[in-house]
Amino acid sequence: MDVLRNTEAKKGAKTKKQKRMNECKDVEAETSVQADSVEEEAAFPPNFSVSEIKNKQRRHFMFMKLKQEKRKRKLELKKKRKKEREALGDKAPPKEVPKTIENQRIYDETTVNPEDEEVAFDEGTDEFSSYFNRLTNPKVLITTSDRPRGRTVRFCEQLSTAVPDSHVYYRRGLALKRVIPQCISRGFTFLIVINEDRKVPNGMVLCHLPNGPTAHFKVSSVRLRKEMKRRGKDPTEHSPEVILNNFTTRLGHSIGRMFAALFPHDPQFIGRQVATFHNQRDFIFFRFHRYIFKNEKKVGIQELGPRFTLKLRSLQKGTFDSKYGEYEWVHKRHEMDSSRRKFHL
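Residues numbered from 1 in each chain as written. Predicted model: local features only at pLDDT ≥ 70, side-chain atom pairs only at ≥ 80, totals over all residues. Heavy atoms only, no water.

1. Concerning the confidence of the model for the chain
Here comes step 1: For the chain, the average pLDDT comes to 84, and 87% of its residues sit at 70 or higher.
Here comes step 2: Confidence drops under pLDDT 50 across residues 1-5; counting only partners more than four residues distant or on other chains, this segment forms zero contacts.
Here comes step 3: Note on residues 27-42: pLDDT under 50 across the span, and 13 contacts to partners over four residues away in sequence or across chains. (pLDDT = per-residue confidence, 0-100. Contact = heavy atoms within 4.5 Å.)

In structure tokens form, the structure reads like this:
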């Protein structure tokens, strides 16, 4: 009896399998017929909605077909415009600039004009004026939160190779209020504190000494040298060139000056190393490269690492003081991020 039941079950499974195969063949035949009919048609109806099709395979097929038609029309229009421009020659109208979030940015009243006398006066009297007047040379202390993990330690060590004349110090539970006076007495001009969460670096405190200001950043997308593909050899001890991009507002201008004051005045071009702080939509991307001359016209670049992304959280007057510190600017996410086209740096 058991043998008969098993054979009947197997026959039933086979018949079900055959039914499924037949259904799939029917669907394929219908979609092929539909494809032929769609190809004959010049375009789809104006009120046509793919989401109304209940059959998943048909819906996917029609969606791909619509996408293909759209791409074809776009290409034909592009070719037509190119021919018109070639026919007009010098009389052709200028090319349209594509709309992006950057060029649709909401105007900020604090945007810096380089020729503004007020801006020039502020630059001559701010906390970084001694550096830009070549009265002080940068000297940086890099430290961590208490009991850092291996990834944070490696990040600090690699950051010290990108910033010249920087020293790594492990706090071992020492409070920052005690660290800052010692840094000032030993001639340090900057204190960098790397914080971590769940064994991953997630914050940076950048404190300018002796009088501030202090910036607090969120750190994300940290990539160490070992994790980077096609990276160059380790950095040399030459002072790098510094590139600062898109720091246009008064706040962005002071942050850019703070980054510039981390590096020595005169770069050593023989090392061919470049440190870049690129601001885009209030995210500051740090990259460290070496450029290589291939010939008289072509130049190649090698990324040396580390790489990371910063997001400004607050700017505080004076040195670090979490309890009684006076803040110049604080990022309030729900109030300030109401528009995607509004940027603060």
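2. Looking at the pattern of salt bridges
Here comes step 1: If you walk through the whole model with that rule in mind, you get eleven salt bridges.
Here comes step 2: The shortest N-O distance in the salt bridge between Lys 342 and Asp 108 comes to 3.9 Å. Separated by 234 residues along the polypeptide, Lys 342 in the segment after helix H8 (333-336) and Asp 108 in the loop between helix H2 (56-88) and helix H3 (117-125) bring together distant segments of the chain.
Here comes step 3: Arg 134 serves as the salt-bridge partner of Asp 266, at 3.0 Å between the closest nitrogen and oxygen. On the criterion of sequence distance, the pair formed by Asp 266 in the loop between helix H7 (250-260) and strand S7 (273-280) and Arg 134 in the loop between helix H4 (129-132) and strand S1 (140-144) is long-range, its members being 132 residues apart. (Salt bridge = Lys/Arg side-chain N within 4 Å of Asp/Glu carboxyl O. Helix = DSSP H or I, 4+ residues; strand = E, 2+ residues; numbered from the N terminus.)

3. A few points about the packing of aromatic side chains
Here comes step 1: In the structure shown here, the tally under the stated rule is nine aromatic pairs.
Here comes step 2: An angle of 25° between the planes, with centres 5.7 Å apart, marks the rings of Phe 217 and Phe 259 as stacked. Of this pair, Phe 217 sits in strand S5 (residues 214-223) while Phe 259 sits in helix H7, and the two are 42 residues apart along the sequence. Judged on exposure class, the residue Phe 217 and its partner Phe 259 are both buried.
Here comes step 3: Centroid distance Phe 277 to Phe 286: 5.1 Å. Interplanar angle 50°. Geometry classified as tilted.
Here comes step 4: We classify Phe 286 as buried; its relative accessible area is 2%. (Phe/Tyr/Trp six-rings, centres within 6.5 Å; stacked < 30°, edge-to-face > 60°. Buried < 20%, exposed > 50% of the residue type's maximum accessible area, 1.4 Å probe, protein only.)

4. Observations concerning the side chain of Ser 314
Here comes step 1: For Ser 314, the position within the fold is in strand S10 (residues 307-316).
Here comes step 2: By relative accessible area, Ser 314 is classed as buried at 10%.

5. Here we look at the environment of His 208
Here comes step 1: Checked against the element boundaries, His 208 lands in strand S4 (residues 200-208).
Here comes step 2: Overall, His 208 belongs to the buried group, its relative accessible area being 7%.
Here comes step 3: His 208 sits 16 residues away from Ile 192 along the chain, and the two C-alpha atoms are 8.8 Å apart.
Here comes step 4: Looking at His 208, its side chain comes within polar contact range of the main-chain oxygen of Gly 212, at 2.8 Å. (Polar contact = N/O pair within 3.5 Å; in protein donor to acceptor, adjacent residues only side chain to side chain.)

6. Here's the deal with the side chain of Gln 316
Here comes step 1: Counting through the fold element by element, Gln 316 comes out in strand S10.
Here comes step 2: At a separation of 2.8 Å, a polar atom in the side chain of Gln 316 contacts the main-chain carbonyl oxygen of Asp 321.
Here comes step 3: Residue contacts for Gln 316: discarding those within four places in its chain leaves Pro 213, Thr 214, Asp 321, Gly 325, Glu 326, Tyr 327 and Glu 328.

7. Looking at unusual backbone geometry
Here comes step 1: Residue Pro 213 is bonded to the preceding Gly 212 through a cis peptide linkage, with omega at 5°.
Here comes step 2: Topologically, Pro 213 is positioned in the loop between S4 and S5.
Here comes step 3: Of the consecutive residues Gly 305 and Pro 306, the connecting peptide bond is found in the cis state with omega at 0°.
Here comes step 4: With respect to the secondary-structure elements, Pro 306 resides in the loop between strand S9 (299-303) and S10.

8. Looking at H2
Here comes step 1: Compared with an ideal rise of 1.5 Å per residue, which puts 33 residues at 48 Å, H2 spans 48 Å between its outermost C-alpha atoms and is within 8% of the ideal.
Here comes step 2: Three or more residues of H2 are buried, namely Met 62, Lys 65 and Glu 69.
Here comes step 3: At the N-terminal end of H2, a side-chain oxygen is found 2.9 Å from the backbone nitrogen of Gln 57, two or three residues along, and the residue is Asn 55. (Expected span 1.5 Å × (residues − 1).)

9. A closer look at a positive patch on the surface
Here comes step 1: On the surface, Lys 70, Arg 73, Lys 74, Lys 78, Lys 82, Arg 85 and Lys 95 cluster together into a patch of positive charge.
Here comes step 2: Along the chain, Lys 82 turns up in helix H2.
Here comes step 3: A relative accessible area of 54% means that Lys 82 is categorised as exposed. (Patch = residues over 30% accessible without salt bridge, like charges linked within 9 Å, V, L, I, M, F, W, Y side chains within 5 Å. Areas by Shrake-Rupley, 256 points an atom, 1.4 Å probe, with all protein chains shown as cover. Lys, Arg positive; Asp, Glu negative; His and termini not counted. Charge placed at Lys NZ, Arg CZ, Asp CG, Glu CD.)

10. Some words on the pairing of S4
Here comes step 1: Burial analysis of S4 places seven of its nine residues in the buried class, the great majority of the element.
Here comes step 2: Relative to S4, strand S3 (residues 190-197) is paired through eight bridges, and the arrangement is antiparallel. Bridge pairing in S4 places Asp 197 opposite Val 200.
Here comes step 3: Between S3 and S4, which follow one another and run antiparallel, lie two residues, and Arg 198 among them has a positive phi close to 55°.
Here comes step 4: Bridging between S4 and S5 involves five bridges; their strand directions are antiparallel. Bridge pairing in S5 places Cys 207 opposite Thr 214. (Pairing = 2+ DSSP bridges.)

11. Points about the state of the cysteines
Here comes step 1: According to the stated counting rule, one finds zero disulfides in the structure shown.
Here comes step 2: Among the cysteines around Cys 183, which has no disulfide bond, Cys 207 carries the closest sulfur, lying 8.5 Å off. (Disulfide = S-S within 2.5 Å.)

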